[in-house]
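Next come the chains, spelled out residue by residue.
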Amino acid sequence: MLNQFIKKVVSNGRRNLYGFSFLLMAVSLLTGMMVTTEAVIAPASYVIYIDGSTYYAQNGQTGINDYSGSDAKTVIESAITALTNGGKVFIKGGTYTITSPINVLKSNITVEGEGERTQLDATTLNRGGYQTRGVFENGNYFSGQTNVTSITGFTLRSLLIRGTYTITPDGVSGIILAKGSVGDTYNILIENVKFDNCYCATIFYGVTKIVAMKNQVNGGLAGPTVNTAADNTPCRYVTFNENQIFNANDDGLAFLGHGLRDCVAIGNVIDKNGGIAGSGIKVTSNDTSPYMSRISIIGNVITNCTAQGGIIVETGNPNEKDIVVSGNVLDNCDIGIQISANAVVKDNIITNSELMGIRNLMKNGLTGVSRSIIGNNIIDSVSSPTGSGIVIQGQYNEVFGNIIRNCPTGIEENNGNLTNPDYNYYHHNETLDLVTTKMTILGANNIIKANRGYVTENSGTATISNSATSVAVNHGLSYTPSLNDIHVTPTNNLGNSTKFWVSSPTSSQFTTNVSPAPGSGKTATFSWQIIRN
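Worth saying up front: this structure is predicted, and the values here are computed from it rather than measured. (Residues numbered from 1 in each chain as written. Predicted model: local features only at pLDDT ≥ 70, side-chain atom pairs only at ≥ 80, totals over all residues. Heavy atoms only, no water.)

Asks: Would you mind going over the pairing of strand β3 (residues 65-69) in detail, with residue names and values included?
Replies: By the bridge criterion, four bridges tie strand β2 (residues 54-59) to β3 in an arrangement that is antiparallel. When the sheet's bridge partners are listed, Y56 is paired in β3 with S68. Counting the residues that bridge the hairpin from β2 to β3 gives five residues, and of these G63 lies at a positive phi of roughly 80°. (Pairing = 2+ DSSP bridges. Helix = DSSP H or I, 4+ residues; strand = E, 2+ residues; numbered from the N terminus.)

Written out as C-alpha cells, the structure reads:
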C-alpha cells in the first residue's frame, strides 16, 4: 500500500520536489522505514508493453494508453513520433514481433528496454527487396539519401534485437542510421544491446559522434560498422568500446570509407571463430580526399580470425596518417596485424598466426614510402612453412625492440607489390628462439644494428705468419659484409710488409692481405671490426 501511495504521489506531484522530499521524510519517521529518493526513477515519456496479442504505448504523464494495436512497429513508432521535444520510450520485457523498420525521425530520443527480457524479433521483417534493412532507421537510406531525416541525439539501450543473415549475403540489421540530405546526424549512443544473427549489428553512413559500448554481437555478418554516406560525408568521432563480438562471418568492427577521423576501437573482445571472410577489426579507405587520420585501435582481444586477419588497416595515400595500433592481444589469425603507411604498431602480443605476425603492405601502384613504426611487439609462432614474424614492403620504416619466436623467418623484406623496400631502420630486435632465418633483407640502404640473433657487428684479431701474404678471417656475421663495413687496424709494425688491404668478403669470411710477407721471425697482426653501414 505504501509503495502504491508513493508512486501515485510521484506521478501527480513531481513538480513539487521539495514537498515530495518532505513527505518521504515524514513517511519514514511515521513508519520506521528507511525511504530514500534514490529509489524513485524518473518515468518514461511512454511505456511500451504487450498484453496478449496487443501492444500498448502508455503515456508516462497521464497513464493513458495513447496507442495500441497488433503491430509492434506501429505502436513503438507512434510513441517516438509523439515526442516533439525529445524523451524516453521504455519497452517492458516481452517479445515484440517487428515486421517493418521502426523510423526514428525525431531528435533527442532514448529507447530503452529491460535487458534481454525485452526482445525485438525481426526475423520476419520485410526488407522490401533491399539487401538489408534495420530494425531502427531514420529513413530508408538505400532508396536514396533524400529519404533520410537527419537526427540529433538517439540512444538505444538494454534490449535484444534478433535479425536474420544468409550467406547470399542479405538479411535484417539491428540499426541503420545515416546523414540525411539536409543537416547532420550526430550524437548516437548504442549501449548494452544484444544483437543476435543480424546482417550487421549497426551501420552508420556519414554520422558524427557515435558511441557503441558494452554491446554483444552473436553471429550474423558483421558487428558495428561505419561508412561514408552517398554524398561523400565521412563518419567522424566514433568510439567502439567494450563490445563483445562472437562468430561474425565478416568484420567484427569496421571503419570504412574515406575521411575517417578521430575513430577509436578500445577494449573490445572479438572471437570470429573463423568466418567466411573479413577481419577482427578493419579500417580501410578509398584513397581520396578527405583523407583518413587519427585512428586508434587499442587494448582489444581478437581471436580466431582465420579468413583474413586480426587487425587490417589499409591506407593508400601518404596523406592518411596518425594511425595507432597498440596494446592488442591477437591469437590464431591468418595475419595478426596489417598496416600500410604512417602507422605506429607497438606493444601488441601476437600468437599462433598462420601467415605472418605483422605485415607492412603497400597497395598496388603506390610508392613504397611507408614511414611506419613497428616496435616492442611479441610475435610467437607462425605456422606456414614460408611465414614470417614481420614482413616489410615499404620504405623509411623503423622496426625495433620486437621479440620474434617460433617462425620460419624472423623479419623479411618483401617486394611483392614492386615497392622496393629500402631505407628501413632495424634495431634491437630479438630473433633467437626457433627462428630458422633471422632476417631477409633486400634494400641496400637499410640501417641494421644491435639485433639479437642477427649479427651485424663483430670484432676480433688476425695474424699473418712470416711467410704468408694473407689470412682468412671468420667474421661470424649473419650477412655478407661489404668492404666498406670492414675496418682493419695494424697492432704491430708488420715486419717487412709495407701495405695491407681487405678483400673477398663472403657470408662467413673475409681476407686480410699484406705485401710483401712479414719476413723471417716476424708476423703482421691486426685488430678488426665490422659495423654494417
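Asks: Tell me about the confidence of the model for the chain, residues and numbers included.
Replies: Looking at the chain, the pLDDT average stands at 89 and 90% of residues meet or exceed 70. Between residues 1-42, whose pLDDT stays under 50, and residues either more than four places distant or in other chains, the model counts 22 contacts. (pLDDT = per-residue confidence, 0-100. Contact = heavy atoms within 4.5 Å.)

Asks: Give me the lowdown on the sheet that holds strand β45 (residues 499-503), citing residues and values where you can.
Replies: Judged by pairing direction, the sheet is antiparallel, and its three strands sit side by side in the order β43-β46-β45 without closing on themselves. Only two strands of the sheet have a single partner each, and these edge strands are β43 (470-474) and β45. For this sheet the average axis-to-axis angle between neighbouring strands, irrespective of direction, equals 20°. Note: β43 against strand β46 (residues 509-515), five bridges, orientation antiparallel. The residue bridging S470 from the neighbouring strand is N513, located in β46. (Axes fitted to C-alpha atoms, helices over the stretch in contact; angles between N-to-C directions.)

Asks: Can you explain the sheet that holds strand β42 (residues 457-464)? Please cite residues and give values.
Replies: Taken in spatial order, the three strands make up an open sheet running β42-β47-β44, and their pairing is antiparallel. Of all strands in the sheet, those bounded by a partner on one side alone are β42 and β44 (486-490). For this sheet, the mean angle separating the axes of adjacent strands, direction not counted, is 20°. Both β42 and strand β47 (residues 524-531) contribute to a ladder of eight bridges, which runs antiparallel.

Asks: Account for the nonpolar core, naming residues and giving values.
Replies: Judged by nonpolar contacts, the single largest core of 102 residues is most densely connected at I98, V111, F136, F154, L156, I161 and F255. It is helix α3 (residues 72-81) that provides the largest number of residues to this core, a total of five residues. Y141, Y165, Y199 and L221 belong to the second-largest nonpolar core, a separate cluster that totals 12 residues. (Core = buried A, V, L, I, M, F, W, Y, C linked by side-chain atoms within 4.5 Å. Buried < 20%, exposed > 50% of the residue type's maximum accessible area, 1.4 Å probe, protein only.)

Asks: Give a description of the packing of aromatic side chains that names residues and reports values.
Replies: Inspection of every chain in the model, using the stated rule, returns 11 aromatic pairs. Ring geometry for Y49 versus Y56: centroids 5.1 Å apart, planes at 20°, classification stacked. Of the residues examined, Y49 reaches a relative accessible area of 22% and is grouped as partly exposed. Aromatic ring contacts, followed pair by pair, group Y141, F142 and Y205 into a single cluster. Here the guanidinium or amino end of R371 rests over the ring plane of Y396, the centre of that ring lying 5.0 Å away. Taking NZ or CZ as reference, R532 lies 4.3 Å from the ring centre of Y479, over its face. (Phe/Tyr/Trp six-rings, centres within 6.5 Å; stacked < 30°, edge-to-face > 60°. Lys NZ or Arg CZ within 6 Å of the ring centre and 35° of its normal.)

Asks: Outline the side chain of D121, listing residues and values.
Replies: Tracing the backbone through its elements, the reader meets D121 in strand β8 (residues 118-121). The side chain of D121 is buried and forms no salt bridge, while R162, the nearest opposite charge, is found at 4.6 Å. Leave out the neighbours within four places in its chain, and D121 touches T95, Y96, T97, I98 and R162. (Lys, Arg positive; Asp, Glu negative; His and termini not counted. Salt bridge = Lys/Arg side-chain N within 4 Å of Asp/Glu carboxyl O.)

Asks: Let's hear about unusual backbone geometry: which residues, and what values?
Replies: The omega angle of the peptide bond from S515 to P516 is -15°, so this bond is cis rather than trans. When you line up the elements, P516 lands in the loop between β46 and β47. Even without a glycine there, the phi angle at K209 is positive, about 60°. Here K209 lies in strand β15 (residues 208-213). Even without being glycine, L434 reaches a positive phi, approximately 55°. Within the element layout of this structure, L434 appears in the loop between β39 (425-427) and β40 (437-440).

Asks: I'd love a proper account of the environment of L434, names of residues and values included.
Replies: The class of L434 is exposed, set by a relative accessible area of 67%. Considered as a pair, L434 and S381 are 53 residues apart in the sequence and their alpha carbons are 9.2 Å apart. Apart from residues no more than four positions distant in its own chain, L434 is found in contact with N406 and C407.

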